[in-house]
Amino acid sequence: MNQTAMNQRQGADRRAFVSQLLASTPDALVVTGLGSASYDVFAAGDRDKNYYLWGAMGGAAALGLGLALAQPDKPVVVITGDGEQLMGIGALGTIAVKQPKNLTIVMLDNGHFGETGMQRSHSSLGADLVAVAKGFGLADAHSVDSTDACDALAQQINACQGTGFVQVFINADEPPRALPPRDGPYIKNRFRAALGLQPF
């Protein structure tokens, strides 16, 4: 897609997309990228199986990979933004090497760095992140731009039949912030308890 087309592309409503996707994947373990992705997931309804990141810029996909390998029978979804994923782009290479069947990366892409002033990000300046993911070896990488894609995506997540990377083009707006808990040990221990593990 050329730069002009990217600039003119209409995207999905981020809150509606995340809410619909999570409602259709009730058993998924969810890792969020910091910032807006965390706000979107929390706004969709807090749950013990949500692991919110607050300061690990670029770490969401890597954390999701570790979780998917440790919990191979549970669907794992990473919901993050284009800026956060760009910071941790190398994690996609490791994910492609490991190919956990229960991991899906959902990258909400508004083409901007939302947390630092809405500067334009690489994806609105010509970078094709689906092509990057495919280049790393993630064959099931594609983009969507509507909540109409949620049902098929949810089926893929629930089936745990392969690693997925989905670039979700969203509108470049800023919904009201819905802030999840900021207590890291609380989030960690709540998440572990949901998996039947003891706190540490």
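Predicted, not measured: the structure shown is a model, and the values here were computed from it.

**Student:** Let's hear about the overall build of the chain: which residues, and what values?
**Tutor:** In terms of regular secondary structure, the chain is built from nine helices and eight strands. Of the contacts made within the chain by residues no fewer than 6 positions apart, 75% connect residues no fewer than 24 positions apart. Within the structure as shown, the chain displays about 8,800 Å² of accessible surface, and the carbon and sulfur contribution to it stands at 53%.

**Student:** So what's going on with the packing of aromatic side chains? Which residues, and what values?
**Tutor:** What the rule picks out here adds up to three aromatic pairs. Ring geometry for Tyr39 and Trp54: centres 6.4 Å apart, planes at 50°, overall tilted. Residue Tyr39 is located in helix 3 (residues 36-43), and its partner Trp54 is located in the loop between strand 2 (50-52) and helix 4 (60-70); the two are separated by 15 residues in the primary sequence. Given the relative accessible area of 26%, Trp54 is considered partly exposed. With centroids separated by 5.4 Å and ring planes inclined at 80°, the aromatic side chains of Tyr51 and Phe191 adopt a geometry described as edge-to-face. One end of the pair, Tyr51, is in strand 2; the other, Phe191, is in helix 9 (residues 184-194), and 140 residues separate them in sequence. The two residues Tyr51 and Phe191 agree in class, both being buried. Lying across the ring of Trp54, Arg182 places its NZ or CZ 4.7 Å from the centre.

**Student:** Provide a residue-level description of the environment of Ala68, including the pertinent values.
**Tutor:** Residue placement: Ala68 occurs in helix 4. Accessibility expressed as a relative area gives 1% for Ala68, which makes it buried. Here the alpha-carbon distance between Ala68 and Thr104, two residues 36 residues apart in the chain, equals 9.4 Å. Those residues in contact with Ala68, other than ones at most four positions away along the chain, are Val76, Pro100, Asn102 and Leu103.

**Student:** Tell me about unusual backbone geometry, residues and numbers included.
**Tutor:** The backbone of Gln99 shows a phi angle near 50°, a positive value even though the residue is not glycine. Assignment of secondary structure puts Gln99 in the loop between helix 6 (90-98) and strand 4 (103-109). In the Ramachandran plot, Cys160 falls in the positive-phi region, its phi being about 55° despite a non-glycine side chain. Tracing the backbone shows Cys160 in the loop between helix 8 (150-159) and strand 8 (164-169).

**Student:** With reference to specific residues and values, describe the pairing of strand 1 (residues 29-32).
**Tutor:** Side-chain alternation along strand 1 places Leu29 and Val31 on one buried face and Val30 and Thr32 on a second face that is also buried. Pairing geometry for strand 1 and strand 3 (residues 76-81), over four bridges, is parallel. Paired with Thr32 across the bridge in strand 3 is Ile79. The pairing of strand 1 with strand 2 spans three bridges and is classified as parallel. Within strand 2, the residue paired with Val30 across the bridge is Asn50. Crossover handedness for the path strand 1 to helix 3 to strand 2: right-handed.

**Student:** An account of the pattern of salt bridges is requested, with residue identities and associated values reported.
**Tutor:** Across all of its chains, the model carries four salt bridges by this definition. Between Arg14 and Asp40 there is a salt bridge, with its nearest N and O atoms 2.6 Å apart. Highlighted residues: Arg14 in helix 2 (residues 14-23) and Asp40 in helix 3, separated in sequence by 26 residues. For Asp40, a relative accessible area of 1% gives the class buried.

The rules behind each value
- Every chain is numbered independently, its residues counted from 1 as its sequence is written.
- The predicted nature of this model means local features are confined to residues of pLDDT at least 70 and side-chain atom pairs, given and counted, to a pLDDT of 80 or more, with totals for whole chains, interfaces and linings taken over all residues.
- Where side-chain values are given, they derive from all heavy atoms of the structure, hydrogens and water being excluded.
- Each helix is a run of DSSP H or I of at least 4 residues and each strand a run of E of at least 2, with the numbering of both proceeding from the N terminus.
- Contacts: residue pairs with any heavy atoms within 4.5 Å of one another.
- In this description, accessible areas are obtained by the Shrake-Rupley approach with a 1.4 Å probe, and a residue is regarded as covered only by the protein chains that are shown.
- To pair, rings of Phe, Tyr and Trp, with the six-membered ring standing in for Trp, must have centres within 6.5 Å; the planes then decide the type, stacked if under 30 degrees apart, edge-to-face if over 60, and tilted in the middle.
- Only protein chains enter the accessibility calculation, which uses a 1.4 Å probe. A residue is then buried if its area is under 20% of the maximum for its type, exposed if over 50%, and partly exposed in between.
- Any Lys NZ or Arg CZ found within 6 Å of a ring centre and within 35 degrees of that ring's normal is scored as a charge over the ring.
- Each pair of strands is called paired provided DSSP finds at least two bridges between the two strands.
- Crossovers are marked right-handed if the path from the first strand over the helix to the second runs clockwise, as seen with the strands pointing away from the viewer.
- Basic side-chain nitrogens of Lys or Arg form a salt bridge, by our definition, when they fall within 4 Å of a carboxyl oxygen of Asp or Glu.

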